[in-house]
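Overview (structure and organization)
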Amino acid sequence: MSVAFLVYVVVIVVPYLRRKPAPVGDPDDFSWHFFVPCRDEEVVIRETVKYLRGTFRRAHLWVVDDDSDDRTARVVRSVWRRNGGYDANLHLVARQRPEARTGKGDALNAAYRELDDWLGPDADRERVVVVVVDADGRPAPNCLEVCAADHLFGDETVGAVQLDVRMSNFRSRPPGRTWFSRAFGLKLAQLQDLEFRTAIAAIQTSRGFTGTISMGGNGQFTRLSALDSIAGDELAPWRGSLLEDFELGVHLLTAGWRTGFTPDSHVAQEGLYSLRRFLVQRTRWGQGTMQCMRYLRRIWDSPHVSTLGAAEMMYYLAQPWMQLLGSLLYPVPFILLLVSTAGDPGQVWTWFTNGAWILFAIYGSFGLLPFVVWGPIYQMKCLRSKNIFRGIGMGLLYAAYIYTFYITSWRALFRLVRGRNGWAKTRRNTEASAGVKVALDA
């Protein structure tokens, strides 16, 4: 397993490092509609609405208030009324319980149906693009011209495009009572930035060869006609998985659409400072991946997905299960060593001096190198720094960061077995510092 994973990393590193910027297109060739699903987002939504309306003036913004317990809807309405008039490009989609608060996918489906009614039957739906942005998301100002390029939405076979994702606060030290808590929070945000800008971006780039580029929950661009093709009679292109973004990509790919990824633009979001909130988020992602295993047959039977592409998607879907298996298998050699040491310490020492330590060194290297390699790459390519020692240090921390997924995979399994499939909102840093109470289904 370790050797196979190391080969996988080597395969994706080279295309990532060799990629060059691509030409852009004309955003006026398309109609752009931003969807921002909100559940108790009072502390961030005002600035997000102002940013999106100020940066993308010709685009429409659809804010979905998922029956928030705070003042989210009121804040949006206050921005909507400006200078004694109304912003015709800002729309509020208000949902009410019991239909509301059932997941991000349902909130996006509500916005999709509102957009469908608003456009009417004469709209050129091939030229309408829906952009999903988190309530704290900041798409780069060039994202529309990048996505309008000939190799992306300029190609009519491309149904969706995913932007690169970055952490907006990877240089901002969080507030905290102690030096350690501030340093830990900052490093956790930096590791999330490293993960998205290097490892995930490299994986997405390599998926261009297998034709299986997946969608993310932030910075997700989808052609409206592509959504129409999978929406069904219920007008619901997003389904019930906790990983609704990957699930959307599966339906688009198996329906015959191509998907794209571009690191030439990005969407910035807030990295989490709290380990507890980070584990809650990744548990939800892991559980969503486990839920998407039900699409394996659909993927393998689809004539639109190649054998190589189906194998790549199967590998991705198997990740949480491999982490469960690995957490049971990887400790075995060390447990055997401890047992042998307790029985005959002298024999174990002889065994080590005769070269057995090399086997353990190789064993450890295969478990670390696939992750450590991203530290120097992040340092040089993303931060433009030649400090190789700091890069290696970041790589070692990233290896420890990745091993937390063994914890979240077990938590995800327990939730799955117990039937706890509720969507748990991850509390934002600003909410935590302000003491805002948000219900978490942890």
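Cut-offs used in this document
- Residues numbered from 1 in each chain as written.
- Predicted model: local features only at pLDDT ≥ 70, side-chain atom pairs only at ≥ 80, totals over all residues.
- Heavy atoms only, no water.
- Helix = DSSP H or I, 4+ residues; strand = E, 2+ residues; numbered from the N terminus.
- Buried < 20%, exposed > 50% of the residue type's maximum accessible area, 1.4 Å probe, protein only.
- Contact = heavy atoms within 4.5 Å.
- Areas by Shrake-Rupley, 256 points an atom, 1.4 Å probe, with all protein chains shown as cover.
- Phe/Tyr/Trp six-rings, centres within 6.5 Å; stacked < 30°, edge-to-face > 60°.
- Lys NZ or Arg CZ within 6 Å of the ring centre and 35° of its normal.
- Pairing = 2+ DSSP bridges.
- Axes fitted to C-alpha atoms, helices over the stretch in contact; angles between N-to-C directions.
- Disulfide = S-S within 2.5 Å.
- Salt bridge = Lys/Arg side-chain N within 4 Å of Asp/Glu carboxyl O.
- Left-handed = near helix turned anticlockwise from the far one by under 90°.
- Nonpolar A, V, L, I, M, F, W, Y, C, P; charged D, E, K, R; others polar.
- Expected span 1.5 Å × (residues − 1).
- Patch = residues over 30% accessible without salt bridge, like charges linked within 9 Å, V, L, I, M, F, W, Y side chains within 5 Å.

1. Some words on the overall build of the chain
Along the backbone of the chain there are 16 helices and 10 strands. Classification of the 442 residues of the chain by burial places 52% in the buried group. Of the contacts formed within the chain by residues at least 6 apart in sequence, a portion of 81% connects residues at least 24 apart. By element, 59% of the accessible surface of the chain is carried by carbon and sulfur atoms, the whole surface being about 20,800 Å².

2. Here's the deal with the packing of aromatic side chains
The geometry of an aromatic ring pair is captured by the separation of the ring centres together with the interplanar angle, meaning the angle of the planes. If you walk through the whole model with that rule in mind, you get 17 aromatic pairs. A ring pair is formed by W32 and F153, whose centres lie 6.5 Å apart and whose planes are at 70°; its orientation type is edge-to-face. Note that W32 is positioned in strand 1 (residues 31-38) and F153 in the loop between helix 5 (143-147) and strand 8 (158-167), a separation of 121 residues in sequence. Three or more aromatic residues link up through ring pairs in this structure, and these residues are F30, W32, F153 and F221. Lying across the ring of F170, R197 places its NZ or CZ 5.8 Å from the centre. Above the face of the Y316 ring, R207 is positioned so that its terminal group lies 5.2 Å from the ring centre.

3. Some points on the sheet that holds strand 8
Read from one edge of the open sheet, eight strands run 5-2-1-6-9-8-10-7, paired in mixed fashion. Looking at which strands have only one partner, the edges of the open sheet turn out to be strand 5 (90-94) and strand 7 (138-139). In terms of strand pairing, strand 2 (residues 60-65) meets strand 5 through five bridges, oriented parallel. Opposite D65, over in strand 5, you have A94 as the bridge partner. Lying over the sheet, helix 7 (residues 224-231) contacts strand 6 (128-132), strand 8 and strand 9 (220-223), oriented at roughly 75° with respect to strand 9.

4. A look at the state of the cysteines
Under the defined criterion, the tally for this structure stands at zero disulfides. Cysteine C147 shares no disulfide, and the gap to the nearest cysteine sulfur, in C143, comes to 6.1 Å.

5. Things to note about the pattern of salt bridges
A complete count under the given rule lists 19 salt bridges for this structure. The partner of D228 in a salt bridge is R125, with the nearest N and O atoms 2.5 Å apart. Pair noted here: D228 is in helix 7 and R125 is in the loop between helix 4 (104-119) and strand 6, with a separation of 103 residues, a long-range link. Judged by its relative accessible area of 18%, R125 falls in the buried class. Sharing partners across several salt bridges, the network here consists of D40, D67, D69, R97 and R101.

6. Observations concerning unusual backbone geometry
Here the residue pair R97 and P98 is connected by a cis peptide bond, since its omega of 15° sits within 30 degrees of zero. Looking at where P98 falls in the secondary structure, it is placed in the loop between strand 5 and helix 4. Despite not being glycine, D40 shows a phi value in the positive range, around 60°. Of note, D40 is situated in the loop between strand 1 and helix 2 (42-55). You can call D40 buried: its relative accessible area is 6%. Not every positive phi belongs to a glycine, and R384 is a case in point at roughly 55°. Take R384: it is sitting in the loop between helix 14 (374-382) and helix 15 (388-417). Assessed through its relative accessible area of 69%, R384 is described here as exposed.

7. Considering the packing of helix 9 (residues 275-291) against helix 11 (residues 307-329)
Their axes nearest at 8 Å, the elements helix 9 and helix 11 cross at an angle of 115°. The way helix 9 lies across helix 11 gives a crossing that is left-handed. Here helix 9 contributes G286, T289 and M290 to the contact with helix 11, which in turn contributes Y316, L317, P320, W321 and L324. Each residue belonging to the contact of helix 9 with helix 11 can be placed in one class, and the counts come to six nonpolar, two polar and no charged.

8. Notes on helix 15
Compared with the 44 Å implied by 1.5 Å per residue over 30 residues, the 44 Å span of helix 15 between its first and last C-alpha is a close match. Looking one or two places after helix 15, you find G419, whose phi comes out positive at around 75°.

9. So, the environment of D65
Relative to the elements of secondary structure, D65 occurs in strand 2. Along the backbone, D65 and R39 are 26 residues apart, and their C-alpha atoms lie at a distance of 6.2 Å. What D65 contacts, discounting residues up to four positions off in sequence, is C38, T72, A73, L92, V93, A94 and R95.

10. Examining a nonpolar patch on the surface
Residues L368, M380, I388, F389, I392 and L396 make up a contiguous nonpolar surface patch of about 580 Å² in total accessible area. Counting residues per element, the nonpolar patch draws most heavily on helix 15, at four residues. Locating I392 in the fold gives a position in helix 15.

11. Some thoughts on the pairing of strand 6
In terms of residue burial, strand 6 counts as a mostly covered element, since five of its five residues are buried. Burial of the side chains of strand 6 extends over both faces: V128, V130 and V132 are buried on one face and V129 and V131 on the other. Across four bridges, the pairing between strand 6 and strand 9 is antiparallel. Residue V130 lies in a different strand from strand 9, and its bridge partner there is T222.

12. Thoughts on helix 14
Because each turn of an α-helix spans 3.6 residues, side chains separated by three or four positions end up pointing in the same direction. The buried count for helix 14 comes to seven of nine residues, which makes it a mostly enclosed element. Within two residues after helix 14, R384 carries a phi angle of roughly 55°, on the positive side.

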